[in-house]
Amino acid sequence: MKSVSDLIYLLGGTNKVANYLNIKPSAVSNWKKKNIIPKNKQKLIKDLCLIHKTNIYENLFTENSNNTHNNVLLIISGGVASYKSIEIIRLIKKTKINLDIIITKSAQKFITPLLVTSLNEKKCYTDLFSIEDEAEMNHISLARKADIILIAPATANLIAKMANGIADDLASTTILASLAKIIIAPSMNPVMWNSSVTRDNCKKLVDRGVVFIEPETGDMACGEHGVGRLPEPKFIFDELINELNTKKEFKNNRLKDITVIITAGPTEEDIDPVRFVSNKSSGKQAYAIASELSDRGADVTLITGPTRTSLPLNLKVIEVRTADEMYQTTMSNLPADVVICAAAVADWKLTPNIDESNYFDLKNKIKKTEKSISFKTIQNPDILLSVSKGKLKPKLTIGFAAETKDLIKNAKEKLITKDVDLIIANDVSNNKVFGSDFNKVYIIDKYKCEEWVKQSKKSVAINLANKINEYFTLKSGFLNK
């Protein structure tokens, strides 16, 4: 990156950057003239670079970052997904990160040490009992040198070793001997990932501070379909960079004494014992927010309806099904400092109209008949309104508005009628938000409306967590600025 002007141009120009940062365009013009980005804006600029689909962020990190001596140890464990680690190496090599690599014996069935050595331009490590390597106690030196250990892919076997303190090869011995932050990107068969044994092992590691990059849903090499695919290398790389650029103090202490309740996912409303009404909410955005706040030290309770998204491992989760259950669970977990109502709660229950010609035993399945069936609606409790108007009103109440038309108008009306501090609004008319890993949102309070560029749901979570952190750090709150 030759200059700040080049960077601003690649990010969409002066006005777009100014709009994203909520500052005047003249301020951005000043940066271009002086060729300097103020320290208090550098993190936001890096976030903006991160959410673009170009390699701007890598360039910025390589040329301008002061963190040019970060040491990363990449551990590649066995599995078909090992081939994706090659691209991770390429991405890391575009930065000034010092990279060391360990390949397990199983991983060597898929990629060779020679290939990895060639890409990383330095020796990779394979064997605990190597006379050449262990003359310098390399499992200890690698463990001490690393700022972050990234395990991608991580097999169920390696996760089990880590959870139970087994150290029988170079990878597991180095992990056990290290004090570094550990990031795990699991990849395995869906049944293995969802097994109670693996979930228990993952929970142990989360409790010890290990960060998980959740596997994705898709077709597996074994021919099965489900959760277990290794995320794309760029996504893993972005998570690594984000972790390197996030100070431990900021990550773990700023929200340490803050309690948070987050509702997520859809609800299901029964029509009869086998049929119900629901919606397409995946819970991904709420799960990302819950995980990010928990990572920053907040005491988070996630109350979720039924989803196919893997539940976060690093926080308290309460699973519910109906709107009534979600309402009762939310209210019974108050008080809290922050309540974020992100769930797509069904507005109504549906029950068939019963008259002299139509009788339905709702304890049994409604049988198909030639007669048409009409339904009446029964309104479900309004959780957001009950929280914001209740005696245990939180210090900060945040609602979501998913609209198919008049997005900003409807979101502002919701802000006022529900008496909340912040509304996160998104347009769901194209049906591309549900289940997607990306989101475009508007952040609306009583004073302004911010339009955020389309970004990953993880990035939305990071930026929202920054706002919440700012609110509690400044005490007077960002809403009064």
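Just so you know, these numbers come straight off a predicted model, no measurement behind them. (Residues numbered from 1 in each chain as written. Predicted model: local features only at pLDDT ≥ 70, side-chain atom pairs only at ≥ 80, totals over all residues. Heavy atoms only, no water.)

Visitor: How do you make sense of the overall build of the protein when you look at a structure like this?
Guide: When you go through the protein residue by residue, the secondary structure sums to 20 helices and 21 strands. Burial statistics for the protein: of 481 residues in total, 52% are counted as buried. For the protein, the exposed surface amounts to about 23,600 Å²; the carbon and sulfur share of it is 51%. (Helix = DSSP H or I, 4+ residues; strand = E, 2+ residues; numbered from the N terminus. Buried < 20%, exposed > 50% of the residue type's maximum accessible area, 1.4 Å probe, protein only. Areas by Shrake-Rupley, 256 points an atom, 1.4 Å probe, with all protein chains shown as cover.)

Visitor: Could you clarify how one ought to interpret the nonpolar core in this entry?
Guide: Core analysis: the biggest nonpolar cluster contains 33 residues, and Val260, Ile262, Leu293, Ile340 and Ile468 have the highest contact counts within it. Put simply, the parts of the chain that give this core at least two residues each are strand S8 (259-264), helix H16 (284-295), strand S11 (299-304), strand S13 (338-341), strand S16 (396-403), strand S17 (422-427) and helix H20 (457-474). Sort the elements by how many residues they give to this core and H20 lands first, with seven residues. (Core = buried A, V, L, I, M, F, W, Y, C linked by side-chain atoms within 4.5 Å.)

Visitor: Just checking my understanding: could you explain helix H10 (residues 156-164) for this structure?
Guide: Given 3.6 residues to a turn, an α-helix orients residues that are three or four positions apart in the same direction. Of the positions making up H10, those classed as buried are Ala156, Leu158, Ile159, Lys161, Met162 and Ala163. Looking at the residues trailing H10, positive phi occurs at Gly165, about 70 degrees.

Visitor: Help me understand the pattern of salt bridges in this model?
Guide: Close approach of charged atoms allows side chains with opposite charge to pair. Scanning the model with the defined rule gives 20 salt bridges in all. Among the ionic pairs, Glu232 bridges to Lys84, the shortest N-O distance being 3.4 Å. Linking Glu232 in the loop between strand S7 (225-229) and helix H14 (233-244) with Lys84 in helix H6 (residues 84-93), this pair joins segments that are 148 residues apart in sequence. For Asp238, the salt bridge goes to Lys234, with nearest N and O atoms at 2.9 Å. Of the two residues, Asp238 and Lys234 both sit in helix H14, four residues apart, roughly one turn of that helix. (Salt bridge = Lys/Arg side-chain N within 4 Å of Asp/Glu carboxyl O.)

Visitor: Any chance you could explain the sheet that holds strand S4 (residues 181-186) here in plain terms?
Guide: In sheet architecture, strand pairing relies on hydrogen bonds along the backbone and comes in two forms, parallel and antiparallel. Spatial strand order, S2-S1-S3-S4-S5: five strands in an open sheet with parallel pairing. Edge positions in the open sheet fall to strand S2 (98-103) and strand S5 (211-212), since each of these has one partner strand only. Here strand S3 (residues 148-154) runs beside S4; their pairing, made up of five bridges, is parallel. Bridge pairing links Leu150 to Ile183 in S4. On the sheet, H14 packs against strand S1 (71-76), S3, S4 and S5 and is oriented at approximately 165 degrees with respect to S3. (Pairing = 2+ DSSP bridges. Contact = heavy atoms within 4.5 Å. Axes fitted to C-alpha atoms, helices over the stretch in contact; angles between N-to-C directions.)

Visitor: Just to check I follow, could you spell out the environment of Arg308 for this structure?
Guide: Along the polypeptide, Arg308 turns up in the loop between S11 and strand S12 (316-319). For the pair Arg308 and Gly226, spaced 82 residues apart in the sequence, the C-alpha separation amounts to 9.4 Å.

Visitor: I tried to follow the packing of H10 against helix H13 (residues 196-207) on my own but got confused; where do I start?
Guide: For any two helices packed against each other, the geometry comes down to the angle between their axes and how far apart the axes lie. The geometry of H10 relative to H13 is characterised by a closest axis approach of 9 Å and an angle of 50 degrees between their N-to-C directions. Relative to H13, the element H10 is oriented oblique. With respect to the hand of their crossing, H10 and H13 are arranged in left-handed fashion. Residues Ala156, Ile159, Ala160, Met162, Ala163 and Asn164 of H10 touch H13, and the partners they reach there are Thr198, Asn201, Cys202, Lys204 and Leu205. For the contact of H10 with H13, a count of residues per class yields seven nonpolar, three polar and one charged. (Parallel < 35°, antiparallel > 145°, perpendicular 65-115°, else oblique. Left-handed = near helix turned anticlockwise from the far one by under 90°. Nonpolar A, V, L, I, M, F, W, Y, C, P; charged D, E, K, R; others polar.)

Visitor: Which parts of the structure should I look at to understand the confidence of the model for the protein?
Guide: In the predicted model, the protein carries a mean pLDDT of 84, and 87% of its residues have values of at least 70. The lowest-confidence element of the protein is helix H5 (residues 56-64), averaging 44 in pLDDT; the highest-confidence one is S13, averaging 98. Below a pLDDT of 50 lies the segment residues 53-68, which in the model reaches 35 contacts outside its immediate sequence neighbourhood of four places, other chains included. Note on residues 476-481: pLDDT under 50 across the span, and 14 contacts to partners over four residues away in sequence or across chains. (pLDDT = per-residue confidence, 0-100.)

Visitor: What is the right way to look at unusual backbone geometry in this model?
Guide: Most of the time, phi is negative for any residue but glycine, and the peptide bond is trans. Here the bond from Ala152 into Pro153 is cis, since omega is 0 degrees, no more than 30 degrees from zero. Turning to its location among the elements, Pro153 is positioned in strand S3. The peptide bond linking Leu334 to Pro335 adopts the cis configuration, its omega dihedral lying at 5 degrees. In this structure, Pro335 sits in the loop between helix H17 (323-332) and S13.

Visitor: What's the story with the side chain of Asp445 in this structure? I'm lost.
Guide: Mapping Asp445 onto the fold places it in the loop between strand S19 (442-444) and strand S20 (449-451). At a separation of 2.7 Å, a polar atom in the side chain of Asp445 contacts the main-chain amide nitrogen of Tyr447. Looking at Asp445, its side chain comes within polar contact range of the main-chain nitrogen of Lys448, at 2.9 Å. (Polar contact = N/O pair within 3.5 Å; in protein donor to acceptor, adjacent residues only side chain to side chain.)

Visitor: Help me understand the pairing of S16, please; the structure alone is not making it clear to me.
Guide: Across a regular strand the side chains alternate sides, sitting on one face of the sheet and then on the other. Most of S16 is tucked away: six of the eight residues are buried. When S16 meets S17, the two strands line up parallel, connected through six bridges. The residue of S17 that forms the bridge with Ala402 is Asn426. On the question of chirality, the crossover connecting S16 to the parallel S17 by way of helix H19 (residues 407-417) is right-handed. (Right-handed = clockwise from strand over helix to strand, strands pointing away.)

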